[in-house]
Amino acid sequence: MLIGAILGAVIALGVYGFLFFEIKNKNNQASILQNQLDIEIRKDQRLRSIKQLLSELHVEVDTVDRYFVGADEVVDFLEELELLGNIADASVEVNSVSVSEGGEAIPYEHLRVEFHTQDRWVDLIHIVSLLETMPYGVRIERSQIERVPNSTLWQAHIIFTVLKLK
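Residues numbered from 1 in each chain as written. Predicted model: local features only at pLDDT ≥ 70, side-chain atom pairs only at ≥ 80, totals over all residues. Heavy atoms only, no water.

Strand order in this open sheet of 4 strands is β1-β2-β4-β3, and the pairing throughout is antiparallel. The sheet is open, and its two edges are formed by β1 (92–100) and β3 (138–147), each paired on a single side. The average angle at which neighbouring strand axes cross in this sheet is 15 degrees, direction not considered. As paired elements, β1 and strand β2 (residues 108–119) share 8 bridges and run antiparallel to each other. For V97, the partnering residue across the bridge sits in β2 and is V113. Along the sheet face, helix α2 (residues 74–87) touches β1, β2 and β4 (154–165) and points at about 150 degrees away from the line of β1. (Pairing = 2+ DSSP bridges. Helix = DSSP H or I, 4+ residues; strand = E, 2+ residues; numbered from the N terminus. Axes fitted to C-alpha atoms, helices over the stretch in contact; angles between N-to-C directions. Contact = heavy atoms within 4.5 Å.)

This next bit is on the packing of α2 against helix α3 (residues 121–132). The description of two packed helices rests on the angle between their axes and on the distance between the axes. Two numbers describe how α2 lies on α3: the axes approach to 9 Å, and their chain directions differ by 140 degrees. On the basis of their axis angle, the class for α2 and α3 is oblique. Remark: the crossing between α2 and α3 carries right-handed chirality. From α2, L81, L84, G85 and I87 reach across to α3, where they touch H126, I127, L130 and L131. Of the residues belonging to the contact of α2 with α3, the class tally is 6 nonpolar, 2 polar and no charged. (Parallel < 35°, antiparallel > 145°, perpendicular 65-115°, else oblique. Left-handed = near helix turned anticlockwise from the far one by under 90°. Nonpolar A, V, L, I, M, F, W, Y, C, P; charged D, E, K, R; others polar.)

Okay, the nonpolar core next. Of all hydrophobic cores here, the largest spans 22 residues; its most connected members are F77 and F160. Where this core is concerned, the elements lending two or more residues are α2, β2, α3 and β4. (Core = buried A, V, L, I, M, F, W, Y, C linked by side-chain atoms within 4.5 Å. Buried < 20%, exposed > 50% of the residue type's maximum accessible area, 1.4 Å probe, protein only.)

Turning next to the environment of N27. Structurally, N27 is set in helix α1 (residues 2–65). Owing to a relative accessible area of 52%, N27 belongs among the exposed residues under this scheme. Distance in space between the C-alpha atoms of N27 and Y136 is 63 Å, their sequence separation being 109 residues.

The next point concerns the side chain of E114. Structurally, the position occupied by E114 is in strand β2. Here E114 sits buried without a salt bridge, and the closest side chain of opposite charge, R112, lies 4.3 Å off (N-O distance). A polar contact is formed between the side chain of E114 and the side chain of H157, at a distance of 2.8 Å. Those residues in contact with E114 that sit more than four places away from it in its chain are E93, V94, N95, S96, H157, I158 and I159. (Lys, Arg positive; Asp, Glu negative; His and termini not counted. Salt bridge = Lys/Arg side-chain N within 4 Å of Asp/Glu carboxyl O. Polar contact = N/O pair within 3.5 Å; in protein donor to acceptor, adjacent residues only side chain to side chain.)

What follows covers the packing of aromatic side chains. Throughout the structure, instances matching the rule amount to 6 aromatic pairs. Taking the centre distance of 5.8 Å and the plane angle of 40 degrees together, the rings of F68 and Y108 count as tilted. Taken together, the positions of F68 in the loop between α1 and α2 and Y108 in strand β2 put the pair 40 residues apart, joining distant regions of the chain. For Y108, a relative accessible area of 25% corresponds to the partly exposed category. Grouped by ring-pair contacts, the aromatic residues F77, F115, Y136 and F160 constitute a single cluster. (Phe/Tyr/Trp six-rings, centres within 6.5 Å; stacked < 30°, edge-to-face > 60°.)

A positive phi angle, near 55 degrees, is found at D89, a position not held by glycine. Turning to its location among the elements, D89 is positioned in the loop between α2 and β1. For D89, a relative accessible area of 54% gives the class exposed. The phi dihedral of N150 is positive, around 55 degrees, even though this residue is not glycine. Relative to the assigned elements, N150 resides in the loop between β3 and β4. For N150, a relative accessible area of 85% puts it in the exposed group.

See below:
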């Protein structure tokens, strides 16, 4: 009977040891899976956060893009310039348009526009002020305004650059 009790205790201890190590292994596996799940959840949260930021940033990018002449909107921009002349009651004659590269890493170019106008002083000043208030990054490089000899009219020769998307 003593041998039976010892044998039963050894078997119980063996089963207990086996179950202890099995539970320990399962617990380690569960912990590893929980850590992997936590990592995936954090990745998913970051991805959702980035998507939200991109959707919010899209509105801001559109706002900034409006300060540039679009890549295929040069003709529209020149028509807008002529429309400013009509608003100012001045005739606008575009003499030349050229593009200078901004570099490989820069997403914009400099659109250089040279125009001539001849009208009353008030109209010339009005067209220049309208040009400066355009919703683009306009930089006047040169402006020459002079009175037309033997006339009440003034003429202006203006060169400016505006940023244009590539």
